[in-house]
Structures are given as structure tokens and as C-alpha cells.
Amino acid sequence: MRKNEEFVVTCIDETNQAAGIAKIDDMVVFVPGLLKGEKANIKILKVQKSYAFGKIMQRLESSKDRIEPACKVFNKCGGCQYQHIDYQAQLRRKHDQLEKRILRKLKGIEVREVFGMEYPFYYRNKAQFPVQIRDEKILMGFYRLHSNDIVSCDHCMIQSKKINDLYKFIQEHITLEMAQGLRHILMRHAYKTNECQIVFIGSKRNNFDDLISKLIHRFPDLKSIVFNLNTRKDNVILGETYEVLFGRDYIYESCLSNKVKLHFKSFYQVNPVQMEVLYEQAIKAAKLNKDMRCIELYSGVGTIGMAISKYVKEVIGVEIVEEAVKNAKENCQINQIENCHYICQDATKFAKECAHTKMKIDVVFVDPPRKGMTSQGIEDISTIQPEKIVYVSCNPETLIRDLILFKEQGYSCKFIQPVDMFCQTVGLECVALIEKE
Ligand code: SAH
């Protein structure tokens, strides 16, 4: 097999990253976008030792799951990977792939059907648009897949409509002077309160006055405009220091009836509708009662802790981002919740201290970032012998790795409830219930 050679193949399976799998002799060929059962003429793009990559030249037979993507730039933009698949079929794929991956490594875990959205579009409450200047023109949009090139577009099918409006308005009114040194524009739209926030992120504090006065005139729900200075050389989006240009450095949102104050540096789930579904599932899995003491690791602005506080005796939340911990404390005050306490600390260090002091804890909630927990954290959490651990995960790969580590500590996973937080993309969020054997 050589680069640029063409073949007719039938897709026998799919990866969880939306690539079709075909076989040519003994060689596995990954073909992005090709669906199981489809036949296509493909061109080989890259050949490795035991596998290759190809691209579809012409589809000869189409899957019944295939639909016309709603977005015009679906094939160029790296944001969505599943818009060419019917939504119910997206959910089936996510479930089946997860179940297959889990059962390969662990026995006896029930993987439940994925909870999908009724209307799986315009759901995201946060966008980070890259900005570049090319030939005296401002480019704003999304990154192309595996690239730093910007795909310009005037509309995004998964961002909230309000974010689309803000984005379009900025595109129309931003000047070249303002865009000098600008790297990203971050936007947040609180789904329940409608409050919006814009953060200009760049290496140079330009004068945005003219744009800001136009924006606040046009969008009365815009409550916060911030400039964030980022002179870093890497691809981390936010810098340390910032200046409030209008209003506040936070907005208000609401989650499971609690008011949530949200600093622009604080993490918040990107799908506010499914976030409530997810947390309801986490709470249900824990079977809480008023005698219980709980820990919430990776607590963000305290949304899970506040939601469980009315069912339990006490919650201790642990989070590393200072602004988020400050928000969590303020949020408890705003909502008159007195049995939640938040600590700014590394989750692994906190777990170590709990293990040392032999703290008595009934349920541990964890909601780590994509890289999952640490093996030390898992060991220390197991040492304090909670009855249950409820693991909320946005990355099935690290979830499976961590479930194996928990198993080695005598804690086994009973079931996994996936929730589709990232419709139209390959992402999947899960709640896993882990219990002492
Ligand atoms: N439970 C929250 C946040 C989940 S996201 C919610 O649903 O909104 C993961 C959180 O873990 C982020 O807020 C991130 O800042 C925090 N985090 C990342 N690394 C951490 C660490 N080592 N120790 C504690 N918190 C950490």
C-alpha cells in the first residue's frame, strides 16, 4: 500500500473518534467520516507499519444513519464530528462503543442507555473564538481539525443563539486596531438568567471603548466585559491578569434551583440543560441521607455540593482554582446553604490528608478534568473507606483507567449512566457508581 493509492473499501467498524475502520489485506485503514456498512472509494493519505489513514473520495453506498449535516462548515471545522449522523444513531454509537471498551477491561458493569437531548442543537453556553489577522483582514471562527488555521463561519449550530448573535455583532464591529495582538474572544451565556459575558484575551491591551458601547447598547443582558492579558507562548487560552472593562468579572447562572456566581476563570459545564440531568443522576446514584458526610473533589463553583446539600449532613468541596473556590463560598451564602464548605487545594493532597486523619466520609463525589484522578488520590480515597464513590467523568478513557485502579483497591463499579452533554461531537459524559466490595 502506498500514499495516494486508491481502493474501494467497506467500512467494518468505527472508532470512538468518528473514523471508519476498513481492512485492506491485513492493514487497518482509518477513514474519517465513513460509517459502518458504507462502501467508498478512498485515497490513502498516510501509511504506518500496521495501519494507514485514508480519505473518502466518493461514497458508493450510504448508511441509513447518515443525514445531511445542518452546518455549512461541518467538513472543515474541527468542532463537531457527528453532524452527518442521525441523533438517535449518535446516541446508540456512544453507548455501544463505551460498553465495548468497558467490557474489554472490566466485567459485570451495566452500561445504561445514554440520556440524549430533546433538541440537540444550540446548547453550548461558552465559546472561545480564536482571532487572527491575515492580509489586513480579521479572521474569527473555529480551528480546523488538528490545526491552528481558522475556519471562518457566521453561525455555529451548537453554540447558544445568544452567543451566535454576540459573535456576529463583534465580527461586524471589531476594528483592525482592536484585533492587534488579540488571541481569543471568550463568551459565556447563562442559559437560565440570560446574562452574558465577553472576555477579550490578548497580548496587548487595546482600546475597545467603541465596540463596548455598541455592544452594551445592543445587548442589555451583557453584564461583564473583561480584558485578559495573555503573553504566554503556549496554547493555554487564559492569562493570569485581567481588567474589567464593563460591569463585573462574573455573571449569574442558576443550576438545580441554586443561584450560581460564575467568574470567567471558573469552570462550568458547557451544556446547562444536560448538566442538570447529569447531576440528578449523580444524586440518585448516591442514595443520600441526612446522616451522611460527603466530599466533593474537583468542585468548581460548587454546583454539585450545593445540589446535594439538602439531602446530607455535610459537604466538603475541594477545588484548585482560587476564583472558583471563592465563587463556591459566595454561592453557598447567596443560597443560604450552611452545610457546605469549600477548600482551595489540590484534590490528591486533600485525599492524602483525609487518609492520614482517617476522616469518616460516607460518599465521595469526584468530577475531575479530562486527565482523570491520580492513582495516589484513588488509593487515599479508598483508604478512608467511603460507602460509595460517585465518579462524574468527561473522558471515558481515563474513567476506565480509574475504575480499574479503584477495583484494585476493593471498589467496584456497579453501573455507568452516560449523559449526552456534547451532542454532535464524539464527547461523552458519564456518571459511574462505585461501591465497596
Ligand atoms: N464539579 C464542577 C467542576 C468540574 S470540572 C462542575 O461540574 O462544575 C473539574 C474541576 O476540577 C475544575 O473546576 C478544575 O479547576 C478543577 N481541578 C483541576 N485540577 C484539580 C486538582 N488537581 N485539584 C482540585 N481541583 C482541580
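Reference entry: report on the structure contained in this document. (Residues numbered from 1 in each chain as written. Predicted model: local features only at pLDDT ≥ 70, side-chain atom pairs only at ≥ 80, totals over all residues. Heavy atoms only, no water.)

## Brief notes about the state of the cysteines
How we decide: Whenever a pair of cysteine sulfur atoms sits within 2.5 Å, that pair is classed as a disulfide. Each residue gets one of three labels from its accessible area relative to the maximum for its type: buried under 20%, exposed over 50%, partly exposed in between, using a 1.4 Å probe on protein chains only.
This structure, assessed with the given rule, holds zero disulfides. In this structure cysteine 156 is a free cysteine whose sulfur lies 6.1 Å from that of cysteine 80, the closest cysteine sulfur available. For the unlinked cysteine cysteine 340, the closest cysteine sulfur is that of cysteine 332, found at 4.5 Å. Assessed through its relative accessible area of 7%, cysteine 340 is described here as buried.

## Quick word on the sheet that holds strand β13 (residues 222-229)
Basically, it comes down to this: Being paired, for any two strands, means DSSP has found at least two bridges between them. Only DSSP runs of H or I with at least four residues qualify as helices, and only runs of E with at least two residues qualify as strands; both kinds are numbered from the N terminus onward. Axis angles are defined between N-to-C directions and span 0 to 180 degrees, where every axis is a line fitted to C-alpha atoms and, for a helix, only to the segment in contact. By the convention used here, residues are in contact when the closest approach between their heavy atoms is within 4.5 Å.
Taken in spatial order, the seven strands line up as β10-β9-β8-β11-β12-β13-β14 in an open sheet, and their pairing is mixed. Two strands close off the open sheet at either side, each with one partner strand: β10 (150-152) and β14 (242-247). On average, adjacent strands in this sheet sit at an angle of 30 degrees to one another, irrespective of strand direction. With seven bridges joining them, strand β12 (residues 196-202) and β13 adopt parallel strand pairing. Bridge pairing links isoleucine 201 to asparagine 228 in β13. The sheet strands contacting helix α2 (residues 161-173) are β8 (126-134), β9 (137-143), β11 (182-189), β12 and β13, and the helix crosses β11 at an angle near 145 degrees. Where helix α4 (residues 209-218) meets the sheet, it contacts β12, β13 and β14, and its direction lies at approximately 155 degrees from that of β13.

## Description of empty space enclosed by the protein
Formally: Within this scheme a cavity is a closed region of a 1 Å grid, computed over the protein atoms alone, that accommodates a 1.4 Å probe without allowing it to escape, whereas a pocket is open but has protein on both sides within 12 Å along at least five of seven lines; lining residues each have an atom within 4 Å of a point. Grid points are joined across faces, edges and corners, and a volume is the space filled by probe spheres set on the points. Residue classes follow a fixed rule: Ala, Val, Leu, Ile, Met, Phe, Trp, Tyr, Cys and Pro count as nonpolar, while Asp, Glu, Lys and Arg count as charged, and any other residue, Gly among them, counts as polar.
Across all of its chains, the model carries one cavity of 30 Å³ or more by this definition. In this model, the largest cavity occupies a volume close to 40 Å³. In this structure, the largest cavity is lined by Asn125, Arg188, His189, Ala190, Ile251, Glu253, Leu262 and Tyr268. For the lining of the largest cavity, a count of residues per class yields four nonpolar, two polar and two charged.

## Some points on the layout of surface pockets
There is about 280 Å³ of room inside the second largest pocket. Around the second largest pocket, the lining residues are Val131, Gln132, Tyr143, Asn148, Arg183, His184, Lys233, Asp234, Asn235, Val236 and Ile237. For the lining of the second largest pocket, the residue count by class is four nonpolar, four polar and three charged.

## Observations concerning the pattern of salt bridges
Applicable threshold: Here a salt bridge means any side-chain nitrogen of Lys or Arg lying within 4 Å of a carboxyl oxygen belonging to Asp or Glu.
Evaluation of the coordinates by the stated rule reveals 26 salt bridges. Arginine 248 serves as the salt-bridge partner of glutamate 195, at 2.8 Å between the closest nitrogen and oxygen. Note that glutamate 195 is positioned in the loop between β11 and β12 and arginine 248 in the loop between β14 and β15 (250-255), a separation of 53 residues in sequence. Members of the salt-bridge network, linked through shared partners, are Glu14, Lys64, Asp65, Arg92 and Arg93.

## As for helix α10 (residues 396-408)
As a reminder, the rule being used: A helix is expected to span 1.5 Å multiplied by its residue count minus one.
Between its terminal C-alpha atoms α10 stretches 18 Å, which fits the 18 Å expected from 13 residues at 1.5 Å a residue. Turning to α10, its buried residues number three or more, namely Pro396, Thr398, Leu399, Ile400, Asp402, Leu403 and Phe406. Among the structural elements, α1 (87-105), α9 (375-383), β21 (388-393), β22 (411-419) and β23 (429-436) are those in contact with the buried residues of α10. Where α10 terminates, the next one or two residues include glycine 410, which has phi positive at roughly 85 degrees.

## Concerning the packing of α9 against α10
Inclusion rule: Roughly parallel refers to an angle under 35 degrees, roughly antiparallel to one over 145, roughly perpendicular to one between 65 and 115, and oblique to any angle outside these ranges. By definition, any crossing whose near helix is turned counterclockwise from its far helix by less than a right angle is left-handed, and any crossing with a clockwise turn is right-handed.
One can describe the packing of α9 onto α10 by two numbers: an axis separation of 10 Å at closest approach and a directional angle of 40 degrees. Between α9 and α10, the angle is such that the two are oblique. Considering the relative orientation of α9 and α10, their crossing is right-handed. Here Ser375, Ile378, Ile381 and Ser382 of α9 lie close against α10, whose contacting residues are Asp402, Leu405 and Phe406. Taken together, the residues of the contact of α9 with α10 break down into four nonpolar, two polar and one charged.

## Re the environment of aspartate 362
Selection rule: By the criterion applied in these results, polar contacts are pairs of N or O atoms within 3.5 Å in which, for protein atoms, one can donate a hydrogen and the other can accept it, and in which residues neighboring in sequence qualify only through two side-chain atoms.
Checked against the element boundaries, aspartate 362 lands in the loop between α8 (347-357) and β20 (363-366). Classification of aspartate 362 by relative accessible area gives buried; the value is 12%. Discounting residues that sit within four places of it in the chain, aspartate 362 has contacts with Asp291, Met292, Arg293, Pro386, Glu387 and Lys388. A distance of 2.8 Å separates a polar side-chain atom of aspartate 362 from the backbone nitrogen of arginine 293.

## Re the packing of aromatic side chains
Formally: Centres within 6.5 Å are what make two rings of Phe, Tyr or Trp a pair, Trp counting through its six-membered ring; a difference in plane orientation under 30 degrees is then read as stacked, over 60 as edge-to-face, and the rest as tilted. Throughout this description, the term charge over a ring refers to an Arg CZ or Lys NZ atom that lies within 6 Å of the ring centre and within 35 degrees of the ring normal.
For the coordinates displayed, the defined rule picks out 12 aromatic pairs. Members of the aromatic cluster, connected to one another through ring pairs, are Phe30, Tyr51 and Phe53. The positively charged end of arginine 112 is found above the aromatic ring belonging to phenylalanine 415, 3.6 Å away from the centroid.

## Considerations on the site of the ligand
How we decide: Here a residue counts as near a molecule or strand whenever at least one of its heavy atoms sits within 4 Å of it.
Near the ligand, the surroundings consist of 16 residues, among which Tyr279, Glu319, Asp346, Ala347 and Asp367 are the closest. Note that an oxygen atom of the ligand is positioned 2.7 Å from one of the side-chain N or O atoms of glutamate 319. Aspartate 346 is positioned with one of its side-chain polar atoms (N or O) 2.7 Å from a nitrogen atom of the ligand. Residue classes in the shell around the ligand are distributed as eight nonpolar, five polar and three charged.

## Some words on the nonpolar core
Put simply, the rule reads: Residues belong to a common nonpolar core when they are buried Ala, Val, Leu, Ile, Met, Phe, Trp, Tyr or Cys residues joined through side-chain atoms within 4.5 Å. Boundary definitions for the domains trace back to an automatic or database domain assignment.
Grouped together as the largest cluster of nonpolar side chains are 122 residues, with contacts concentrated most on Ile185, Leu215, Leu288, Leu297, Phe365 and Ile416. Here the element with the most residues in this core is helix α5 (residues 272-286); it accounts for seven residues. The residues that make up this core include at least three from each of domain 2 (91-118 + 271-436) and domain 3 (126-255). Counting 12 residues, the second largest nonpolar core, distinct from the first, contains Val9, Ala22, Met27 and Ile44.

Scope: geometric values only; no functional claims are made or implied.
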